[in-house]
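Read off the chains here:
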Amino acid sequence: EPVAKFGTLDVTFDYDSQEQKLLVTVTAVTDIPTYSRTGGSSWQVHLVLLPIKKQRAKTSIQRGPCPVFTETFKFNHVESEMIGNYAVRFRLYSVRRMKKERIVGEKIFYLTKLNLQGKMSVPVILEPSYNLSGCDSQMSMSEVSCSESTSSCQSLVHGSAPEILIGLLYNATTGRLSAEVIKGSHFKNLAANRPPNTYVKLTLLNSMGQEMSKCKTSIRRGQPNPVYKETFVFQVALFQLSDVTLILSVYNKRSMKRKEMIGWISLGLNSSGEDELNHWTEMKESKGQQVCRWHTLLES
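Reading the values: rules and limits
Position labels on residues start from 1 in each chain and follow its written sequence. pLDDT decides what is reported in this predicted model: residues at 70 or higher carry local features, side-chain atom pairs at 80 or more are listed and counted, and totals for whole chains, interfaces and linings draw on all residues regardless. Processing note: side-chain calculations cover all non-hydrogen atoms of the structure and skip hydrogens and water entirely. UniProt positions are given in the numbering used here, feature names are shortened, and annotations may be inferred rather than shown by experiment. The predictor reports its confidence for every residue as pLDDT, a score running from 0 up to 100. Put simply, DSSP marks the helices as runs of H or I at least four residues long and the strands as runs of E at least two long, and each gets a number from the N terminus on. Every residue pair with non-hydrogen atoms within 4.5 Å of one another is taken to be in contact. Here the rule is simple: two strands pair whenever DSSP picks up at least two bridges between them. The axes are straight lines fitted to the C-alpha atoms, using for helices just the contacting stretch, and the angles between their N-to-C directions are given from 0 to 180°.

The protein has the name Synaptotagmin-14 in an unreviewed UniProt entry, where Mesitornis unicolor is given as its organism. Recorded in UniProt for the protein, the comment headed Subunit (unreviewed entry) runs: "Homodimer. Can also form heterodimers." The UniProt entry for the protein carries this comment under Sequence similarities (unreviewed entry): "Belongs to the synaptotagmin family."

The following block contains the structure:
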């Protein structure tokens, strides 16, 4: 039982194996930290089905120390024979007017615990989200859902978008920006039916779009879910940090002279999307702690 409370969700799971659908009802939240610590008295719960992250939901915003939601969300295509590969991530946000919402706590609930027929009500005890911003927790989720050896994983993720797991860390004292390319998932060989040979190229641009620095990982051969675990360090002064853009491009190397881009993302000044911008902001606010996030690649 955690000493500090980060919220306990009252959740009911209702799984229908015939329809392959999962209904999740978020009834209420108790044990919310005191007002002063989270700076908010309005609350919202976000849900996402892992590992693919395509199905998301969020409750309405409710006020008060014990908000009641009683809202049900439906997740489709949850195959009973694959149930162990799935999890639902719950996040409780404190919502303040005119200010950015803040994560109060989160929990990844693995569906292996599910009753395969009928309803099941459980308290979901949230944990501090900073524990989960380290790579270990993110990695363990990705490994549960997709170890290279399981053939079941391949059919589970068939047709899903390529993603990349990136760890960012900034040390304001030394002015060093570290980007760790941790792993990829669902990388495809567009031209052939065999797994691709991939590498990731990192390019740092200044506010004018001029190249300041570039580097790349080594090649991972024949892997749709490659593990890189390579870290690259860029010298970026604190006053420059809001003005730079880091582009990550994933390439499939087909021969000595031919390569094709599988996809790309950008973080920083010209972020390619909201998730990327949020990741950069979290890195800036995390005071020298590494923040790891999955990102869906954009097509070239």
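Read on, since the account is not over.
Novice: What exactly am I supposed to notice about the confidence of the model for the protein here?
Specialist: Any region with low pLDDT has predicted coordinates that should not be read closely. For the protein, mean pLDDT is 82; residues scoring 70 or higher make up 83% of the total. Summarising per-element confidence for the protein, the mean pLDDT is lowest in helix 3 (residues 151-156) (33) and highest in strand 12 (residues 198-205) (96). Taken together, the stretch residues 130-159 has pLDDT below 50 and engages in 60 contacts with residues farther than four places along the chain or on a different chain.

Novice: Can you walk me through the sheet that holds strand 12 in this structure?
Specialist: The pairing of strands in a sheet comes from backbone hydrogen bonds and takes either a parallel or an antiparallel form. Taken in spatial order, the four strands make up an open sheet running 13-12-15-16, and their pairing is antiparallel. Edge positions in the open sheet fall to strand 13 (211-216) and strand 16 (259-268), since each of these has one partner strand only. Across the sheet, the axes of successive neighbouring strands diverge by a mean angle of 20 degrees, strand direction being ignored. Sheet analysis places strand 12 next to strand 15 (residues 245-253), joined by eight bridges and oriented antiparallel. In the sheet register, L205 faces strand 15, and the bridge partner there is T245. Seen against the sheet, helix 4 (residues 274-285) touches strand 15 and strand 16 and runs at an angle of roughly 50 degrees to strand 16.

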